[in-house]
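Residue-level structure breakdown
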Amino acid sequence: MQNNPHITLITPDAPVSADTHGGRTKCLQRLVRLELPVPRTVGLSFDAVHKIARGVMPDMALLLSPFDTGELLCVRPSSEDPDWGGPGAILNIGMNDARYLELSDRLGQEAAASLYARFVHSYSVLVARLDPDVFDEIGMEGQASLSAALAAYEDETDEIFPQDPAVQLGEVLRSMARAWEGTSARLLRQGKGAPADAGLGLVVQSMALGFGAGECGSGVLQLVDGQTGLMQLTGRYLSQSQGRDALDGGVEALFLERDPRGPSLEDLAPDAFEALIGHATLMRAKLREEMQVEFVIEDGRVHLLDGVRVARTPRAAVRIAVRLAEDGIITRQEALMRVPPSALNELLHKQVDRTRPRDLVGRGVAASPGAATGRIVFSAAEAQASAARGEACVLVRRETSPEDVRGMHAANAVLTERGGMTSHAAVIGRGIGLPCVVGATEMRFQMRKQMLTTRDGRVFKAGDVITVDGTHGEVLAGEVAMLEATLDDAFQTLLGWADAERDIGIRANADTPADAKAAKMFLAQGIGLCRTEHMFFDDDRLTVMREMIFADNSEDRRAALERLLPVQRADFTELFCTMAGLPVCIRLLDPPLHEFLPSDHAGHRALAEALNLPLSNVTRRVEAMEEYNPMLGMRGVRLGITVPEIYDMQARAIFEAAILAGEAGAPIVPEIMIPLVSAKREVELVKMRIDMVAAAVRSETNASFDYKLGVMVETPRAALRAHDIAETASFLSFGTNDLTQMTYGLSRDDAGRFMSAYVNQGVFPEDPFHTLDVDGVGELLILGAKRGRKTRPDLVLSMCGEHGGNPESIAFCRAAGFDYVSCSPFRVPVARLAAAQLAIIDKLE
């Protein structure tokens, strides 16, 4: 058998690996090498199991040769990755009438009958595929259950229960192999990330019974709490049991260590308890992992049936990795590699406790992680009113617009009918850490009636309570149990180690002082994108902004903007002081002016009253400003050139704020970014006016300051002509949201309607608004970077679109020689860890 690579007795030097026999088989070999008390075990390779599924059975005599005659066996699955699952274990193989009589003499009739009945039940349901309802009614304990189970099997199959152990084992192997290769099982594991052709190994192991004289039973034990990651002995033990009975044993199951709440294994069998703790501690040190031990005690002797990696929540994963590194069991680099960056999302926000009951009423795109409960409101004004009353609310909209930003800040969560990962609601939600589900098209949104109707006909009205789970894209009825956010010492320690490893800068997109404080809290290395338009939507500022838009000449526009200058200057001053000397990149006004105007009749009437203008004039002016395709119309630099007073005011506010921040002990060299550039001349015109404003401020204040001027590359032409643009720009920041839109000719707000079909049919490998298109958009980034640096070798390059926080995008930016990426504040920790992992991988290679 030792020379057979497909049927292998597990010894210290047996030729097995996780790639050929599965993770369970390899783990058992490691336990054997540690000379731990593991029952005799044979491993079947992936190839052997695949052949069994096709009807080619192994040499059963060879397979059974390591085991004693009459020895009971169990079979367990061994997939390459435990998370991929597999068929359920089957115990007590070899139980038959003759073995029942022998065990009755040794263990007693009731115990022997229970072993036999359990096997008949498992074999009937899992192997013979008989109706489980028939056997669920019978039970699995005692002689009466055994007689009923055997009779039921015979009634259902017109055959007596098989008595030959080799036949039993063969049928069990065939059943488990075919279950693994079935369509449902394949789709299920593919959903967990397994390849379609993932293999399954099988483990055939001698049974340690857990029944009999002396202290006998089974249990599970681990040294750490899988929910919190704290060191805490966890598990249960049940006398006269086998398998994982202890976990379902209710009040009969015992605690492991002494506990005032009830009896424990430590009380009952102190020597076995001490041995178990020793075995688990040795496994932790030598296997370099927190392990769950499945064990059986037979007359006081401990047998280890299995050792699996402790299932853990993301918050536990962080603490476990840090603790193992601090204990010297793994290196800091290994600790960093053991935590998936996406897992940090669940530590930064409240999460739905998915172990508790919940009532799912709708699904959409999981656009911004976290979960929140509140009463439904259908407008931004209602959200602000709820916040003023101290009531939690969920803002429900068809889709959000800049006018809704204040309501989003006031709400606890957002739910929209339309949109995708880069829609307005998604981008703002991630930026401010607001749970958000968009594209919930299976629910009917009736905004006039202020009603939501679910697919099953349930109706939710304004004031009804719902929960939005932005991590999983779910809408839940009512209030549900939550898990609190966890930014503990382990989290901070892990990210400190990450910063020591990574080799690319991580900044944050921050539009308000509150965003900047979040960025600072998550140790962002500055602000890579401040979108100034979000500063104009407060009610008092919005009215002045609208006066400027309705002004008939440059002087009137300048007069209105003079009233905005102090508040804009105060915003920038607070931003600079919050970042305390770290770089801040401010994008000048980008959206078209019509976004600051109301879109409905009631809004027109209110604006007419505020500006003291006839309603007809207001309506006519609003209609005149409408564009057929506003995202490609008069916005960004085009607005700055045609209405230059806006950028003049913003530049002055930035320079005066920089002076004030310097006087307050936070010196800064502000970075001013021009949006939507497509031609060198655009940059030259804006630069000329900004230089004039800078000279004026220096003259008026007698103060000295520096600033940097750069370009946000959002158009394909800007990327292609980067060598021209770099002549007058000190940095290029690639805005991949708009660049993706313009490269594909897709609206990110509407693409959700067909994107799933495109991805499913292989048109796109992934949603390009969610995962950077390295072949198309990526080629433009590389061209722009190379051409820009050919003109200016010290040109600073960055990515500031929503892609900036994705590990795949960070890998691309590192390879392309970018200086930093910028993402929403709550994605900064994810980006820091991802960047560290990429640097570690490069060092290993």
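The structure displayed is predicted, hence computed values, not measured ones.

1. Comments concerning the sheet that holds strand β3 (residues 73-79)
- The strand order across the open sheet formed by five strands is β1-β2-β5-β3-β4, and the pairing between neighbours is antiparallel. Of all the strands in the sheet, just β1 (7-9) and β4 (90-93) have a single pairing partner and so form its edges. Strand-to-strand twist in this sheet, taken as the mean axis angle between neighbours without regard to direction, amounts to 25°.
- For β1 and strand β2 (residues 41-44), the ladder comprises three bridges, and the chain directions are antiparallel. Each bridged residue has a counterpart across the sheet, and for T8 the counterpart in β2 is G43.
- The sheet strands contacting helix α9 (residues 165-180) are β2, β3, β4 and β5 (200-206), and the helix crosses β3 at an angle near 20°.

2. Details of the packing of aromatic side chains
- In the structure shown here, the tally under the stated rule is 17 aromatic pairs.
- Between F655 and F705 the ring centres are 4.9 Å apart and the planes differ by 25°, which places this aromatic pair in the stacked class. Of the two residues, F655 sits in helix α26 (residues 644-663) while F705 sits in the loop between α27 (680-701) and β27 (708-713), which places them 50 residues apart along the sequence. Residues F655 and F705 agree in their burial class; the two are buried.
- Aromatic side chains Y758 and F764 sit 5.2 Å apart centroid to centroid with 65° between the ring planes, which places their arrangement in the edge-to-face category.
- Accessibility expressed as a relative area gives 34% for Y758, which makes it partly exposed.
- The class for F764 is buried, based on a relative accessible area of 13%.
- Clustering of aromatic rings is evident, with ring pairs tying together Y100, Y116, F119, Y123, Y153 and F161.
- Here R507 stacks its cationic end above the ring of Y820, 3.9 Å away from the centre of that ring.

3. As for the side chain of Q242
- Positionally, Q242 belongs in the loop between β7 (231-239) and α11 (265-268).
- A distance of 3.4 Å separates a polar side-chain atom of Q242 from the backbone oxygen of L209.
- Ignoring any residue separated from it by four or fewer positions in sequence, one finds Q242 in contact with L91, N92, L115, R118, M207, L209, F211 and S218.

4. Notes on a negative patch on the surface
- There is a patch of like negative charges on the surface, built from D131, D133, D136, E137, E154, D155, E156, D158 and E159.
- Counting only elements with at least two residues in the negative patch, the list comes to α7 (132-136) and α8 (142-157).
- The dominant element in the negative patch, judged by the number of residues it contributes, is α8, at three residues.
- Within the element layout of this structure, E137 appears in the loop between α7 and α8.

5. Re the pairing of strand β15 (residues 413-416)
- Residues A413 and L415 of β15 are buried on one face, and the alternating residues V414 and T416, pointing to the opposite face, are buried as well.
- Each parallel crossover has a hand, and for strand β14 (residues 393-397) linked through helix α17 (residues 405-410) to β15 it is right-handed.
- The pairing of β15 with strand β16 (residues 436-438) spans two bridges and is parallel. Following the sheet pairing, L415 is matched in β16 by V437.
- Between the parallel elements β15 and β16, the chain passes through helix α18 (residues 424-432) in a crossover that is right-handed.

6. Overview of the pairing of strand β30 (residues 820-823)
- Burial of β30 is two-sided: the residues Y820 and S822 facing one way and the residues V821 and C823 facing the other way are all buried.
- As paired elements, strand β29 (residues 796-799) and β30 share two bridges and run parallel to each other. Pairing of S798 across the sheet is with Y820, part of β30.

7. Here's the deal with the packing of helix α22 (residues 554-579) against α26
- Close contact between α22 and α26 brings their axes to 7 Å; oriented N to C, the two are set at 35°. Relative to α26, α22 is oriented so that their crossing is right-handed. Across from S554, R557, R558, L561, L564, L565, Q568, R569, F572, T573, F576 and C577 in α22, the residues of α26 making contact are E645, I646, M649, Q650, R652, A653, I654, E656, A657, A658, L660 and A661.
- Class assignment of the residues belonging to the contact of α22 with α26 gives a composition of 14 nonpolar, four polar and six charged.

8. A look at the packing of helix α13 (residues 314-326) against helix α19 (residues 489-501)
- Running from N to C, α13 and α19 cross one another at 65°; their axes reach a closest spacing of 9 Å. The orientation of α13 relative to α19 falls into the category roughly perpendicular. At the point where α13 passes α19, the crossing takes the left-handed sense. Together, V318, R319, V322, A325 and E326 of α13 and D489, A490, F491, T493, L494 and W497 of α19 make up the contact between the two elements.

9. Some details on the sheet that holds strand β9 (residues 301-309)
- Across the sheet, four strands lie side by side as β7-β6-β8-β9; this open sheet has antiparallel pairing. In the strand order of this sheet, the two ends are held by β7 and β9, each with one partner. Taking each pair of neighbouring strands and ignoring which way they run, the sheet shows an average axis angle of 20°.
- Pairing geometry for strand β8 (residues 291-298) and β9, over eight bridges, is antiparallel. For V293, the partnering residue across the bridge sits in β9 and is G307.

10. What to know about the nonpolar core
- Core analysis: the biggest nonpolar cluster contains 128 residues, and F576, F655 and L732 have the highest contact counts within it.
- Top element by residues in this core is α26. It accounts for 11 residues.
- When sequence neighbours within four positions are dropped, the list of residues in contact with F576 reads G581, V584, I586, I654, A657, A658, A661, A666, I668 and P670.
- Counting 54 residues, the second largest nonpolar core, distinct from the first, contains A117, F119, V120 and L173.

11. Examining unusual backbone geometry
- Phi at N92 is positive, roughly 65°, even though this residue is not glycine.
- Mapped onto the fold, N92 is located in strand β4.
- A positive phi angle, close to 50°, is found at A580, a residue other than glycine.
- The topology assignment puts A580 in the loop between α22 and β25 (584-587).
- On the basis of relative accessibility, which here comes to 46%, the residue A580 falls in the partly exposed class.

12. Here we look at the pattern of salt bridges
- For the structure shown, the criterion picks out 57 salt bridges.
- With a closest N to O distance of 3.4 Å, R557 and E645 form a salt bridge. Of this pair, R557 sits in helix α22 while E645 sits in helix α26, placing them 88 residues apart in sequence. Comparing R557 with E645, the two get one shared label, buried.
- One network of salt bridges, with partners in common, ties together E533, R587, D590, R635, E714 and D738.

13. Topic: the side chain of R430
- Within the secondary structure, R430 is located in helix α18.
- When sequence neighbours within four positions are dropped, the list of residues in contact with R430 reads A367, S368, M421, T422, E802, S824, F826 and R827.

14. Notes on helix α32 (residues 777-791)
- Here α32 spans 22 Å end to end across 15 residues, near enough to the 21 Å set by a 1.5 Å rise per residue.
- Within α32, the full set of buried residues consists of V777, G778, L780, L781, G784, A785 and G788. In a view along the axis of α32, the buried residues occupy a sector of 155°, so they form one face of it. Exposed residues lying more than 90 degrees from the buried face of α32 are K786 and K790.
- Among the structural elements, α28 (716-720), α29 (722-725), β28 (731-734), α30 (736-744), β29 and α33 (807-815) are those in contact with the buried residues of α32.

Parameters and conventions
- Residues numbered from 1 in each chain as written.
- Predicted model: local features only at pLDDT ≥ 70, side-chain atom pairs only at ≥ 80, totals over all residues.
- Heavy atoms only, no water.
- Pairing = 2+ DSSP bridges.
- Helix = DSSP H or I, 4+ residues; strand = E, 2+ residues; numbered from the N terminus.
- Axes fitted to C-alpha atoms, helices over the stretch in contact; angles between N-to-C directions.
- Contact = heavy atoms within 4.5 Å.
- Phe/Tyr/Trp six-rings, centres within 6.5 Å; stacked < 30°, edge-to-face > 60°.
- Buried < 20%, exposed > 50% of the residue type's maximum accessible area, 1.4 Å probe, protein only.
- Lys NZ or Arg CZ within 6 Å of the ring centre and 35° of its normal.
- Polar contact = N/O pair within 3.5 Å; in protein donor to acceptor, adjacent residues only side chain to side chain.
- Patch = residues over 30% accessible without salt bridge, like charges linked within 9 Å, V, L, I, M, F, W, Y side chains within 5 Å.
- Areas by Shrake-Rupley, 256 points an atom, 1.4 Å probe, with all protein chains shown as cover.
- Salt bridge = Lys/Arg side-chain N within 4 Å of Asp/Glu carboxyl O.
- Lys, Arg positive; Asp, Glu negative; His and termini not counted.
- Charge placed at Lys NZ, Arg CZ, Asp CG, Glu CD.
- Right-handed = clockwise from strand over helix to strand, strands pointing away.
- Left-handed = near helix turned anticlockwise from the far one by under 90°.
- Nonpolar A, V, L, I, M, F, W, Y, C, P; charged D, E, K, R; others polar.
- Parallel < 35°, antiparallel > 145°, perpendicular 65-115°, else oblique.
- Core = buried A, V, L, I, M, F, W, Y, C linked by side-chain atoms within 4.5 Å.
- Expected span 1.5 Å × (residues − 1).
- Arc of directions from axis to C-beta.

Fair warning: the whole summary comes from geometry, so function is off the table for now.
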